Amino acid sequence: MSRAIASLPAQGWVGKDARRRRVRRPARAAAVPLAFLLPVLVFAVLFFVYPLAKNVQVSLQDYNLSSLYTGAAPYVGLRNYTHLWHDPVFRTAVGNTIEFTLLSIFFQLTIGLGLAVFFVRNFPLNALLRSLLLVPWLLPLVVSGTVFRWMLDTNNGIVNRILLDLHLVGTPVPWLTGYHTAMAGVLICNIWIGIPFNMVILYGGLQTIPAELYEASALDGAGGLRQFWSITLPMLRPVLTVVSTLGLIYTLKVFDVIWVLTKGGPANATQNLTTYGYQLSFGGLSRFGAGAAVGNVLIVVSLVLSLIYLRSRRSEGEGR
C-alpha cells in the first residue's frame, strides 16, 4: 500500500510531461509550414513590398538630384500628382499609351487568332512553321528593337528600299523620325513581337474545341464563316479574355521597344507613361518624385486590370 501511494506523485509528473509534449507538437507542426514560407515572404518583402512602399514615399516628396547628396527631400503631399495632371506632356503620354495599347492588342489578337486557325489544320511542315513563328517572342526586346530600327531607317532601311522598288511610295517614309509616322513604326515592331504569344495560347484553345461540333454544323449546312462566328469564337471566349487581359497588362508597361526605337520622340509623338517616367527620373530632369508618381499611376492601372482578370477567371470557374 505504501509503495502504491509513493508512486502517485511520479505518475502525476508523467501526466504533466505528456500534456506538455502534446501542447508542443501542434506548435511545431504549425511552425513547419511557416519555415517553408519564410524565404518566399522575405523575398516578397525585399523585392516587392519595400520597393512599392518606397516608391509611394518618394512620390510624396520633392526628391531631386540634390536630395541624393543632402538627404533632404521635404514632403509635398500630392503636389507631384497635381503637377502631372496639369502637365501637357503627361496628357500626351496617357493618350499615346492608350493608342499604343489598344492598337497593339487589336492587331496582335486578330493576327494571332488568324494564324492559330490556320495552323490548327494538318499540313506538311506545320510544326516547323509554328516553331519559326515563335522566334520574335523568344528574342530579347532590345534585339528586336535594334533590328527594326535598322529595317525602318529612313535612308538605309530595307522597308523603304522595298517600297521604293515597288513604286508604292515616291519618297522614303520617315518611319521613326516623322511626327505622324513614328507611332506606326513603333506599333509595327510591338505587334510583330506579340503575335506569337497570342497564336500559341489561342492555338491551344482551339485544340480543346470538339471536332463533332464542326461536323454537326457542316451537316446542317453551315459554312466556314458561320462555324467561326457560331462555334469557334464562343468556345474561345474564356481564352480570348485571358489573352487580352494579359496583353493589356504587358503592353501598358512596354519600355524597351519604344526606348530603343524612338526614345519617346519625335516631339513626344511616341512618348508613353513608362518612357516619360524614366525621362523624369533619369533623363536629365532628375524629378524623382514626379517619376515615382508616374510609376504609381501605372501600378494602379495594372492592378485594376489584374483584378478584372482574376474576376473573369473566377466567374468562368463558377460557370463551370
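Nothing here was measured: the structure is a model prediction, and the numbers come from that model.

1. Considerations on unusual backbone geometry
Point 1. The residue after G265, namely P266, is reached through a cis peptide bond having omega -10°.
Point 2. Tracing the backbone through its elements, the reader meets P266 in the loop between α12 (256-261) and α13 (273-282).
Point 3. Positive phi outside glycine occurs at L125, with the angle close to 65°.
Point 4. Along the chain, the position of L125 falls in the loop between α4 (88-119) and α5 (126-133).
Point 5. Looking at L125, the relative accessible area reads 58%, which means it is exposed.
Point 6. Unusually for a residue other than glycine, K263 sits at a positive phi of about 55°.
Point 7. By secondary structure assignment, the location of K263 is in the loop between α12 and α13.
Point 8. In this structure K263 comes out as partly exposed when scored by relative accessible area, which is 43%.

2. What about the packing of helix α10 (residues 211-219) against helix α11 (residues 224-252)?
Point 1. Running from N to C, α10 and α11 cross one another at 160°; their axes reach a closest spacing of 11 Å. The orientation of α10 with respect to α11, classified from their angle, is roughly antiparallel. Regarding α10 and α11, the two cross each other, and that crossing is right-handed. Where α10 approaches α11, its residues L213, Y214, S217 and A218 are matched on the opposing element by Q227, I231, T232 and M235.
Point 2. Residues belonging to the contact of α10 with α11 are distributed by class as follows: five nonpolar, three polar and no charged.

3. Re the nonpolar core
Point 1. Within the largest apolar cluster, 18 residues are counted, with the highest numbers of intra-cluster contacts made by F100, W175, C189, V257 and L261.
Point 2. Counting only elements with at least two residues in this core, the list comes to α9 (182-207) and α12.
Point 3. If one sorts the elements of this core by residue count, α9 sits on top with seven residues.
Point 4. W175 has contacts with L152, T154, V159, N160, L163, T181, A182, G185 and I188, leaving out every residue within four places of it along the chain.
Point 5. Of all hydrophobic cores here, the second largest spans 13 residues; its members include F119, M199, L206 and L236.

4. Quick word on the packing of aromatic side chains
Point 1. A complete count under the given rule lists 15 aromatic pairs for this structure.
Point 2. Pairing F255 with Y278 gives two aromatic rings, centres 5.2 Å apart and planes at 55°, and the pair type is tilted. One end of the pair, F255, is in the loop between α11 and α12; the other, Y278, is in helix α13, with 23 residues separating them in the sequence.
Point 3. For F255, a relative accessible area of 23% gives the class partly exposed.
Point 4. Given a relative accessible area of 32%, Y278 falls into the partly exposed group.
Point 5. Each ring, one from W259 and one from Y278, has its centre 4.9 Å from the other, and the planes form 70°; the classification is edge-to-face. Separated by 19 residues along the polypeptide, W259 in helix α12 and Y278 in helix α13 bring together distant segments of the chain.
Point 6. Feature note: the residues Y63, F255, W259, Y278, F282 and F288 constitute an aromatic cluster, connected by ring pairs.

5. Let's talk about the pattern of salt bridges
Point 1. Evaluation of the coordinates by the stated rule reveals two salt bridges.
Point 2. With a closest N to O distance of 3.9 Å, R79 and D62 form a salt bridge. Remark: D62 occurs in the loop between α1 (2-59) and α2 (67-70) and R79 occurs in helix α3 (residues 79-85); sequence separation between them is 17 residues.
Point 3. By relative accessible area, R79 is classed as partly exposed at 39%.
Point 4. Taking relative accessible area as the criterion, D62 reaches 32% and is therefore assigned partly exposed.
Point 5. With a closest N to O distance of 3.8 Å, D165 and R161 form a salt bridge. Here D165 pairs with R161, and both are found in helix α8 (residues 158-165), just four residues apart, close to one helical turn.

Reading the values: the criteria
- Residues numbered from 1 in each chain as written.
- Predicted model: local features only at pLDDT ≥ 70, side-chain atom pairs only at ≥ 80, totals over all residues.
- Heavy atoms only, no water.
- Helix = DSSP H or I, 4+ residues; strand = E, 2+ residues; numbered from the N terminus.
- Buried < 20%, exposed > 50% of the residue type's maximum accessible area, 1.4 Å probe, protein only.
- Axes fitted to C-alpha atoms, helices over the stretch in contact; angles between N-to-C directions.
- Parallel < 35°, antiparallel > 145°, perpendicular 65-115°, else oblique.
- Left-handed = near helix turned anticlockwise from the far one by under 90°.
- Contact = heavy atoms within 4.5 Å.
- Nonpolar A, V, L, I, M, F, W, Y, C, P; charged D, E, K, R; others polar.
- Core = buried A, V, L, I, M, F, W, Y, C linked by side-chain atoms within 4.5 Å.
- Phe/Tyr/Trp six-rings, centres within 6.5 Å; stacked < 30°, edge-to-face > 60°.
- Salt bridge = Lys/Arg side-chain N within 4 Å of Asp/Glu carboxyl O.

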